[in-house]
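Residue-level listing of the chains:
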Amino acid sequence: MTSPSPSPLKIKAQVYLDGAIAIGPGKAAMLDAVQREGSIAAAGRSMGISYRRTRDMIDTLNRCWGEPVVLTEKGGRTGGGSRLTPRGQQVLAAYRALEQALNQTAAHHATVLVGLLGRVEPDI
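Keep in mind it's a predicted model, so treat the numbers as computed, not measured.

This part is about the side chain of N62. Relative to the elements of secondary structure, N62 occurs in helix α3 (residues 51-64). Reaching out from N62, the side chain makes a polar contact with the backbone nitrogen of V69 at a distance of 2.6 Å. For N62, the residues in contact, after removing those within four places along its chain, are E67, P68, V69 and V70.

Given below as structure tokens:
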């Protein structure tokens, strides 16, 4: 069985602050995972990335938005865990709205461009 062809169009929104990606598809997915899993470690595992990379992403997110977007409670008897702050929920919702607006706006133009694509002939 062959794998499906990738979409011919990829739109990726990234917001930068001082050269750092403040939010993009990966960090938005991380915020979704933290919200779903309730833990930074579990969020990273669910995305198949290391705890160190997960922690770095969260640290960047927390630095870029003027106040923390993810709060983490240490483990121990209470079990610890992580959650999005109200600012984190705002950032994630605004990013998802931006993605949706970009995709809706681009749909017509993408159809025109894809229609203009040629076929790649295999080398013989």
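On we go from here.
For an α-helix, the turn length of 3.6 residues means that residues three or four places apart are oriented alike. Every buried residue of helix α2 (residues 40-47) is accounted for by I40, A42, A43 and G44. The elements touched by buried residues of α2 are α1 (25-37), α3, β3 (70-73) and β4 (81-84). Here α2 starts with a cap whose side-chain oxygen sits 3.3 Å from the backbone nitrogen of A41, and that cap is S39. At the C-terminal side of α2, G48 shows a positive phi close to 75°.

Another point: α3. Between the first and last C-alpha of α3 there are 20 Å, a value that for 14 residues agrees with the 20 Å anticipated at 1.5 Å per step. Those residues of α3 that sit buried are T54, M57, I58, T60, L61, N62 and C64. On its buried face, α3 sits against β1 (15-17), β2 (20-23), α1, α2 and β3. Directly after α3, the chain includes G66, whose backbone phi takes a positive value near 80°.

So, on to the nonpolar core. Soluble, globular proteins show a tendency: their nonpolar side chains are buried together. Counting 18 residues, the largest nonpolar core has I23, L31, V34, I58 and V70 as its most contacted members. The greatest single-element share of this core, amounting to 5 residues, is contributed by α1. Discounting chain neighbours no more than four positions away, the residues touching V34 are S39, A43, I58, V70, S82, R83 and L84.

Using the criterion set out here, one finds 5 salt bridges in the structure. A salt bridge links D32 to R96; the nearest nitrogen and oxygen atoms lie 2.4 Å apart. Of the two residues, D32 is situated in helix α1 and R96 in helix α4 (residues 86-116); the sequence distance between them amounts to 64 residues. One salt-bridge network, held together by shared partners, links D32, R96 and E99.

Let us look at the side chain of T54. On the secondary structure map, T54 appears in helix α3. T54 sits in the buried class, given a relative accessible area of 0%. When residues no more than four places from it in sequence are discounted, the contact partners of T54 are M30, I40, G44 and I49.

Rules used in this analysis
- Residue positions are given per chain, counting from 1 as you read along its sequence in written order.
- The model is predicted, so local features are restricted to residues of pLDDT at least 70 and side-chain atom pairs to those at 80 or more, both for listing and for counting; the totals for chains, interfaces and linings are taken over all residues.
- Computation of side-chain values: all heavy atoms of the structure, hydrogens and water removed.
- Secondary structure follows DSSP: runs of H or I at least 4 residues long count as helices, runs of E at least 2 residues long count as strands, and numbering of each begins at the N terminus.
- Here a polar contact is taken to be a pair of N or O atoms separated by no more than 3.5 Å, where protein atoms must pair a possible hydrogen donor with a possible acceptor and residues adjacent in sequence count only if both atoms sit in side chains.
- Should any heavy atoms of two residues lie within 4.5 Å, those residues are counted as being in contact.
- Note on exposure labels: buried denotes an accessible area under 20% of the residue type's maximum, exposed denotes more than 50%, and partly exposed covers the range between, all computed with a 1.4 Å probe on protein chains only.
- Each residue after the first adds 1.5 Å to the expected span of a helix.
- Among buried residues, those of type Ala, Val, Leu, Ile, Met, Phe, Trp, Tyr and Cys that are joined through side-chain atoms within 4.5 Å constitute a nonpolar core.
- Note on definitions: salt bridges are taken to be side-chain nitrogens of Lys or Arg within 4 Å of carboxyl oxygens of Asp or Glu.

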